[in-house]
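Remarks on the overall topology
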Amino acid sequence: MSVFEANEAEGRLVDNIAHFARTLRRVGMPIGPGRVIEALRAVEAAGVRRRDDFYWTLHAVFVNRRDQRELFDQAFHVFWRNPRLLEKMLSMLLPTAAEEFEPEKRKEMSRRLAEALQPANDKHGKGEDQEPPEIEIEATLTFSDRELLQKRDFEQMSQAEADEAIRAIDRMRLEVAEPPTRRFKSDRQGRRIDMRNSLRRALRNPGLIGLQRKSVRRRPPPLVVLCDISGSMSRYTRMFLHFMHALINDRDRVHCFLFGTRLSNVTRQLRNRDVDMALEKASELVEDWSGGTRIGACLHEFNRFWARRVLGQGAVVLMITDGLDRERAEGIEREMERLHKSCSRLIWLNPLLRYSGFAPKSQGIRAILPHVDEFRPVHNLESLTALAQSLSQPQATAHRETARWQAGLKEVA
Amino acid sequence: MSKPPASIEDTLELLSRGKYVADRSLATTLFLSLKLGRPLFVEGEAGVGKTEIAKVLAETLQRPLIRLQCYEGLDISSAVYEWDYARQMVEIRLAEAQGGVDRNVLGDEIFAEKFLIRRPLLKALEPAAGGVPVLLIDELDRADEPFEAFLLEVLSDFQVTIPELGTIKADKPPIVIITSNRTREIHDALKRRCFYHWVDYPDAERERAILAAKVPGVRERLSNQVVAVVQELRRADLFKVPGVAETIDWATALTELNVLELDPDTLNNTLGVLLKYQDDIQKMQGSEAAAILARVNNELATAVN
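Residues numbered from 1 in each chain as written. Chains lettered and ligands numbered in written order. Predicted model: local features only at pLDDT ≥ 70, side-chain atom pairs only at ≥ 80, totals over all residues.

**Points about the overall build of chain B**
The helix and strand tally for chain B stands at 16 helices and nine strands. Computed over its C-alpha atoms, the radius of gyration of chain B comes to 25 Å, more than 25% above the 19 Å expected for a compact globule of 305 residues. With respect to the three principal axes, the spread of C-alpha positions in chain B is 90 × 45 × 35 Å. Put simply, of all contacts in chain B between residues at least 6 apart along the chain, 75% involve residues at least 24 apart. (Helix = DSSP H or I, 4+ residues; strand = E, 2+ residues; numbered from the N terminus. Rg over C-alpha atoms; globule rule 2.2 N^0.38 Å. Contact = placed C-beta atoms within 7 Å.)

**Focus on the interface of chain B and chain A**
On the side of chain A, 27 residues touch chain B, which itself brings 29 residues to the contact. Contributions of two or more residues to the side of chain B that touches chain A are made by helix H2 (24-36), helix H5 (85-98), helix H6 (103-110), helix H9 (188-192) and strand S9 (195-199) of chain B. Ranked by residues supplied to the side of chain B that touches chain A, first place goes to H2 of chain B with eight residues. Broken down by class, the residue content of the side of chain B that touches chain A amounts to nine nonpolar, eight polar and 12 charged. (Nonpolar A, V, L, I, M, F, W, Y, C, P; charged D, E, K, R; others polar.)

**Description of the environment of Glu 246 of chain B**
Residues and elements named next belong to chain B. The topology assignment puts Glu 246 in helix H12 (residues 244-256). Judged by C-beta crowding, with 19 C-beta atoms within 10 Å, Glu 246 ranks as partly exposed. A sequence separation of 182 residues divides Glu 246 from Pro 64, and the C-alpha atoms of the two residues are 27 Å apart. With sequence-adjacent residues up to four places away left out, Glu 246 is seen in contact with Gly 47, Val 273 and Leu 274. (Buried ≥ 20, exposed ≤ 12 C-beta atoms within 10 Å, placed from the backbone.)

**Focus: the domain arrangement of chain A**
What the domain assignment lists for chain A is domain 1 (7-122), domain 2 (160-174 + 221-412) and domain 3 (181-218). Averaged C-alpha coordinates put domain 2 of chain A and domain 3 of chain A at centres separated by 43 Å. (Domains from an automatic or database assignment.)

**Considerations on the sheet that holds strand S7 (residues 316-320) of chain A**
By definition, the strands of a sheet pair up through backbone hydrogen bonds, in either a parallel or an antiparallel sense. All names here are of chain A. Here six strands make up an open sheet; going across it, the order is S6-S5-S4-S7-S8-S9 and the pairing mixed. The sheet is open, and its two edges are formed by strand S6 (263-265) and strand S9 (374-377), each paired on a single side. Ignoring which end each strand starts from, the neighbouring axes of this sheet average 20 degrees apart. Alignment of S7 against strand S8 (residues 345-350), held across five bridges, turns out to be parallel. Looking across to S8, one finds that Leu 318 is bridged to Ile 347. (Pairing = 2+ DSSP bridges. Axes fitted to C-alpha atoms, helices over the stretch in contact; angles between N-to-C directions.)

**Points about the domain arrangement of chain B**
One widely used convention gives an interface's size as the accessible area the parts lose upon coming together. As far as domains go, chain B holds domain 1 (8-73 + 120-199), domain 2 (82-113) and domain 3 (204-297). Placing the centre of domain 2 of chain B and that of domain 3 of chain B at their C-alpha centroids yields a distance of 61 Å.

**Some points on the nonpolar core**
Ala 39 of chain A together with Leu 121 and Ile 177 of chain B are the most contacted members of the largest nonpolar core, which has 97 residues in total. Once residues within four sequence positions are removed from consideration, Ile 177 of chain B is found in contact with Leu 40, Val 42, Ile 53, Ala 54, Val 134 and Leu 136 of chain B. Ranked by size, the runner-up nonpolar core spans 62 residues in total, among them Leu 226, Leu 247, Val 266 and Cys 298 of chain A. (Core = buried A, V, L, I, M, F, W, Y, C linked by C-beta atoms within 7 Å.)

**Quick notes on the pairing of strand S5 (residues 254-259) of chain A**
Residues and elements named next belong to chain A. The element S5 is largely enclosed, with a buried count of six among its six residues. Here S5 shows a buried face lined by Val 254, Cys 256 and Leu 258 and a second buried face lined by His 255, Phe 257 and Phe 259. The β-α-β motif built from strand S4 (residues 223-228), the intervening helix H11 (residues 234-250) and the parallel element S5 has right-handed crossover chirality. Both S5 and S6 contribute to a ladder of three bridges, which runs antiparallel. If you follow Phe 257 over to S6, its bridge partner there is Asn 265. (Right-handed = clockwise from strand over helix to strand, strands pointing away.)

**Here's the deal with the confidence of the model for chain A**
For chain A, the mean per-residue pLDDT works out to 74, and 75% of the residues sit at or above 70. Predicted confidence for residues 1-6 of chain A stays below pLDDT 50, and this span has nine contacts to residues more than four positions away or in other chains. (pLDDT = per-residue confidence, 0-100.)

**Side note on helix H1 (residues 8-17) of chain B**
Taken residue by residue, H1 of chain B has Ile 8, Thr 11, Leu 12, Leu 14 and Leu 15 of chain B as its buried positions. For H1 of chain B, the arc enclosing every buried residue in end-on projection is 160 degrees, short of the 170-degree limit, so these residues lie on one face. Buried positions along H1 of chain B lie against helix H2 (33-46) and helix H3 (51-62) of chain A together with H2 and helix H3 (50-60) of chain B. (Arc of directions from axis to C-beta.)

Next comes the structure, spelled out in structure tokens:
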């Protein structure tokens, strides 16, 4: 028996699917009207005799990224939760389901769905981290290394003299040396002969065939920024966020991650053109401003879940951290080695390097240093400009300063 | 050539005829994409059988399989068409030697179909003897964004334009299967035109069924052990956990070695078939592997009793 036999039932199913799509859109999945029509056609093709078929039919249409699966799964079960759906789809369930979405009940429904969806977003967090607010305030005052779930207010961090520097950072452009790709562009001085173009031209102009030439097209490599936002870095965080925002909006293939006690990908948030809006969105996402640092764990997460996706095609990694780790540098060495092997160039920017008496004494620093290509200071505009210059040169020889640090490391040990 | 399946059950049956043990979710998505003529976009870790779907489909439906392996820098001349320049040059020389050729006529002759080298995408759009072909676009994540954008155009209209020849449009769109290892995120615009399916690692029961279908000589006891060990390894904290392809390889290797039952030594010695990173092998070798095996044997023993 077809679902669409009875007109009234058809109307209800169509309404319900459309409403389901709207619900999904509300929780942030990109679903337009075209998809709804597609879903109706798909349901018609697959039928609704079995609940799991119905599930996978809607899944095939509405889900197109792996991370949306959980959201969809929960939404589906909340929305189509009536168990009678299994048995008598037409006669019994649909009217009941429709009733539940009467206008006055809609608000309540969406809130319940939001609640139902909450665990999916929070699943990376550990329950014990969610402490009552008064303890968090105490934590700030005592500079405890406990993770701060409280959102850090950017306004408090701002200083008048910082504004000028931020404006300069926003104007900053980073030219990264461009490695050759496997594509070609036509180029009069090119070394290769462009046959396609030559023959096409030969037909237009009589006489000898004038050879057209081509050369290899170059393209800037992907850039990945890993920025430490723990308490010890908090004085610099705002500057670096502006720096990352300038990078992301200047070029494609830039990915930004923030880490403290956990890793957050803020690429999408920072892509917002408006810098204040971008920073606000990023700060909403991140829950561990100015807390402790677990460099090893965060790098592990990066290596495991992101490295293969963002470090392809000869990526350059900028790692901004002071290397001070709460967990006695546990696992850092191993993860740094993995990271170093997965990218083409790894640059460590450390604000502590500004102090003339800096010595690689902390365990974290000693674990990171052997696995970087370059070790640079990053505390003022000058050092950022120097970084930009260094990036525009293809990496021919080892960075001399870095080599000195790494050699010094062996002596101390 | 046989007809596309008429229902989800038919799709399941079709896949199992090709020795592909699918779960119902994959069959549903595949059925929809066949029925509604949309490309199927399958994503998943390496070695879970994404490419195999297209191969099995071509085999069981008796359609030609056209495969486009993607790589960085893949361009139109290796994905769609290319002119045979050497032969064109010879043709021009010959025409000149004869003398008195009209340039317009020569132009038409040089850019005729006989000088056209067809690459996978163009082949897939042209009518084939064995019916509508299966077009496999493999590892799309390896191609760069410009190619993805070009593909968008091909997949929405199923036509390509060759300036010298005109537009070539498929009478019937081919069956398109796109795979991705997710080394980068494919743009939403492309995914929107497809039905999406994430291929997960199979559960123990389905993995045993896969082994039974793919490694005919394997004993039940060994198969149970192999699957249980692999399932354990997938729960471990490894950089790259073994896929189904590795399970099949391992079971085949063990059968070839005439192993009837796994022991810690064999497991240690053949770990390289399952794990492909030195860090992972180091982590698992020795006591860890023995512990896993002991746990697995224990479980199997209790399951029997």
